[in-house]
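# Coordinate inspection notes
As a plain string of letters, each chain reads:
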Amino acid sequence: MGWAGTKNGELLSLAEREFDVFITVDRSLASQQNLPKFSIAILILHGASNRLADLKPLVPTVLSVLPSLEKGKAVAVYDIPE
């Protein structure tokens, strides 16, 4: 999309024009932004790390929560240690 280096507020403004959900690993996004002003749902992934291998186990949960996400709100998905 050519959005590399774009800061969170501007990034959410750009994303809300193109997408329904913004998926991120930025755990502080919800506290740093006024989410209700954005017309996009936020999904925050909490894996063991930000590596793809650690985020892949979250996919079933992500798919299950996607239909219930609300614009202007953030939901976190956590990795459950075995």
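Remember, predicted model here, so these are calculated numbers, not experimental data. (Residues numbered from 1 in each chain as written. Predicted model: local features only at pLDDT ≥ 70, side-chain atom pairs only at ≥ 80, totals over all residues. Heavy atoms only, no water.)

## Topic: the sheet that holds strand 2 (residues 41-46)
- In spatial order, the strands read 1-2-3; together these three strands make up an open sheet with parallel pairing. The open sheet has two edge strands with one neighbour each: strand 1 (21-24) and strand 3 (74-78). Shown here is a sheet whose adjacent strand axes are inclined to one another by a mean of 20°, direction ignored.
- Of the pairings in the sheet, the one linking strand 1 to strand 2 comprises four bridges and is parallel in character. The partner of Thr24 across the bridge, within strand 2, is Ile44. (Pairing = 2+ DSSP bridges. Helix = DSSP H or I, 4+ residues; strand = E, 2+ residues; numbered from the N terminus. Axes fitted to C-alpha atoms, helices over the stretch in contact; angles between N-to-C directions.)

## Description of the nonpolar core
- Among the nonpolar cores identified, the biggest contains ten residues, and these are Leu11, Leu12, Ala15, Phe22, Leu29, Leu35, Phe38, Ile40, Ile42 and Ile44.
- With three residues, the single largest contributor to this core is helix 1 (residues 8-18).
- Residues within four places of Ile44 in sequence aside, it is in contact with Thr24, Asp26, Arg27, Ala30, Ala74, Val75, Ala76 and Val77. (Core = buried A, V, L, I, M, F, W, Y, C linked by side-chain atoms within 4.5 Å. Buried < 20%, exposed > 50% of the residue type's maximum accessible area, 1.4 Å probe, protein only. Contact = heavy atoms within 4.5 Å.)

## Comments concerning the environment of Ser64
- Among the structural elements, Ser64 can be located in helix 4 (residues 59-65).
- Assessed through its relative accessible area of 51%, Ser64 is described here as exposed.
- Each C-alpha atom, one on Ser64 and one on Ser28, is 23 Å from the other, the two residues being 36 residues apart in sequence.
- At 2.8 Å, the side chain of Ser64 forms a polar contact with the backbone oxygen of Thr61. (Polar contact = N/O pair within 3.5 Å; in protein donor to acceptor, adjacent residues only side chain to side chain.)

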